[in-house]
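Chain by chain, the residues run as shown.
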Amino acid sequence: MSGNAKSSSIRDVAALVEAGLVSPAMMDPLRLVEARYDIAITPAFRDLIQSADDPIGRQVIPRVEELDQAAFQMADPIGDARHTPVKGVVHRYEDRALLTPLLICPIYCRFCFRRERVGAEGGLLTDAELEAALGWFRQHPDVREVILTGGDPLMLSPRRLGRIIAALSDMAHIDIIRIHSRVPVADPERLTPALLDALSTEKALWLVTHVNHAAELSEAASQALRHVQKRGIPMLSQSVLLRGVNDSVEVMEALLRRLVRLGVKPYYLHHLDPAPGTEHFRVPVERGLNILRGLRGRVTGLAWPTYVMDIAGGYGKVPLGPHYLEAGPTMMEGVTDPKGRHHKWPNSDF
Ligand SMILES: *Cc1c(COP(=O)(O)O)cnc(C)c1O
Ligand code: SF4
């Protein structure tokens, strides 16, 4: 084990103790967490952790707080199950649907909204299940966009991923293939030429990488993003607003600036979903709005993400603001500028 410790992921509490990321006294309590939620920390992420409580460590090192399960938390906070017509498909909006070919991830984020389902045990669709899921897409001409997510689709072998992309590319009604992945930052070396070849298609293919802190965009990650971009694949990012990780104007600004500098357009900033054992990550909406207000006017509009909440129960994602229109007796009385000054609405739109 120790011989290749550098090149393999940390996958249990014992290895965390050995790596000095968890104190031996915490071993027993954390075993209860481990029994419930998988652990994985790639060498790339391990290298970024300076202390267990820093913004990278907090995202992937288990804590006993994960055993606190508040009453309002839900195993399936965004209601995937209610919108699953066949295994591996989630169809909540008319024009797009998710395809989840596996539930394995390079790292297991401690705040994950699908934490009750993701894990190294797999959830890999069998050939027959994958065929049935693809069949569902074939039979749904209203669906124009397939969102490959999971788990992490870039954890598939190039061969299997290539087969999925090819099958989707053959469907005339599909315009867009979107991939959501943590791999570019969590395991950049996985983006080999073979895996990138698997992504080649005549359709528009967009890659959305999940990244929460500027430090995740290491030299290796930046290089991986460049390889993706050289293939003509446009890149977006999504982040989750997390306490102790990115819940300040300065940290958020550094993340967003680094993303645009790398040619990645920040797409969504997610409000934390109420998944079990994640309360220690919660940032109140009002603080989230204030962080964004703090960036408005100061940071290029290219860096601006939409702050969204997935309404618990599976009712969909909605933007949360901040809003600059001021409500008054006649509905819209004025508008606030980025510095917080009030102005009368300049024309008669209403
Ligand atoms: C988040 C999500 C999407 C994608 O929504 P966009 O707003 O287009 O990014 C699609 N389907 C489901 C079920 C989702 O949860
Ligand atoms: S990579 Fe995504 S799906 Fe996997 S654990 Fe992290 S947040 Fe969850």
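Residues numbered from 1 in each chain as written. Chains lettered and ligands numbered in written order. Predicted model: local features only at pLDDT ≥ 70, side-chain atom pairs only at ≥ 80, totals over all residues. Heavy atoms only, no water.

Our next topic: the nonpolar core. Counting residues in hydrophobic clusters, the biggest one holds 94 residues, and the most contacted among them are Phe-45, Leu-99, Phe-137, Leu-154, Leu-161 and Leu-199. Split by domain, this core shows at least three residues from each of two domains, domain 1 (3-66) and domain 2 (81-319). Beyond its immediate chain neighbours, meaning those up to four positions away, Leu-161 contacts Leu-148, Pro-153, Leu-154, Leu-156, Leu-195, Ala-198 and Leu-199. (Core = buried A, V, L, I, M, F, W, Y, C linked by side-chain atoms within 4.5 Å. Buried < 20%, exposed > 50% of the residue type's maximum accessible area, 1.4 Å probe, protein only. Domains from an automatic or database assignment. Contact = heavy atoms within 4.5 Å.)

Attention now goes to the site of ligand 2. In the vicinity of ligand 2, the residues found are Cys-105, Ile-107, Tyr-108, Cys-109, Cys-112, Arg-182 and His-210. Cavity membership is defined here by more than half of the atoms lying within 2 Å of grid points; on that basis ligand 2 lies in the largest pocket. Class assignment for the residues of the shell around ligand 2 results in 5 nonpolar, 1 polar and 1 charged. (Near = heavy atom within 4 Å. 1 Å grid on protein atoms, 1.4 Å probe; cavity = no way out; pocket = protein on both sides within 12 Å on 5 of 7 lines; lining within 4 Å. Sits in = over half its atoms within 2 Å of the grid points. Nonpolar A, V, L, I, M, F, W, Y, C, P; charged D, E, K, R; others polar.)

With 95% of its residues at a pLDDT of 70 or more, the chain shows a mean pLDDT of 94. Counting interchain partners and residues more than four positions distant, the pLDDT-below-50 stretch residues 1-5 has 0 contacts. (pLDDT = per-residue confidence, 0-100.)

On inspection of all chains with the given rule, the structure shows 3 aromatic pairs. For the ring pair Trp-136 and Phe-137, a centre distance of 5.1 Å and an interplane angle of 90 degrees mean the geometry is edge-to-face. Considered together, Trp-136 and Phe-137 belong to a single accessibility category, that of buried residues. On the numbers, 3.9 Å between centres and 20 degrees between planes, the contact of Tyr-267 with Tyr-268 is stacked. Given a relative accessible area of 24%, Tyr-267 falls into the partly exposed group. Directly above the ring of Tyr-93 sits Arg-96, whose terminal nitrogen or CZ lies 4.1 Å from the centroid. (Phe/Tyr/Trp six-rings, centres within 6.5 Å; stacked < 30°, edge-to-face > 60°. Lys NZ or Arg CZ within 6 Å of the ring centre and 35° of its normal.)

On to the packing of helix 10 (residues 249-261) against helix 11 (residues 285-295). A pair of packed helices can be characterised by two numbers: the angle between their axes and the separation between those axes. Their axes nearest at 9 Å, the elements helix 10 and helix 11 cross at an angle of 60 degrees. Taken as axis vectors, helix 10 and helix 11 run oblique relative to one another. For the pair helix 10 and helix 11, the crossing hand works out as right-handed. Two secondary-structure elements touch here, helix 10 through Val-249, Met-252, Glu-253 and Leu-256 and helix 11 through Ile-291, Gly-294 and Leu-295. The residue makeup of the contact of helix 10 with helix 11, split by class, is 5 nonpolar, 1 polar and 1 charged. (Axes fitted to C-alpha atoms, helices over the stretch in contact; angles between N-to-C directions. Helix = DSSP H or I, 4+ residues; strand = E, 2+ residues; numbered from the N terminus. Parallel < 35°, antiparallel > 145°, perpendicular 65-115°, else oblique. Left-handed = near helix turned anticlockwise from the far one by under 90°.)

Let's shift gears to the domain arrangement of the chain. Domain assignment breaks the chain into domain 1 (3-66), domain 2 (81-319) and domain 3 (321-350). The gap between the C-alpha centroids of domain 1 and domain 2 is 23 Å. Opposite the 22 residues of domain 1 that make contact, domain 2 presents 29 residues. In total, domain 1 and domain 2 occlude about 2,000 Å² of area from one another, counting both sides; carbon and sulfur atoms represent 56% of this. The largest contributions to the domain 1 side of the interface with domain 2 come from Asp-38, Arg-58 and Gln-59, which together make up 32% of the buried area. Applying the counting rule to domain 1 against domain 2 returns 3 salt bridges. Two residues, Arg-110 and Glu-66, come together in a salt bridge whose shortest N-O distance is 3.0 Å. Counting across the interface, domain 1 meets domain 2 through 13 residue pairs in polar contact (both at pLDDT 80 or more). (Buried area = accessible area lost by both parts, 1.4 Å probe. Salt bridge = Lys/Arg side-chain N within 4 Å of Asp/Glu carboxyl O. Polar contact = N/O pair within 3.5 Å; in protein donor to acceptor, adjacent residues only side chain to side chain.)

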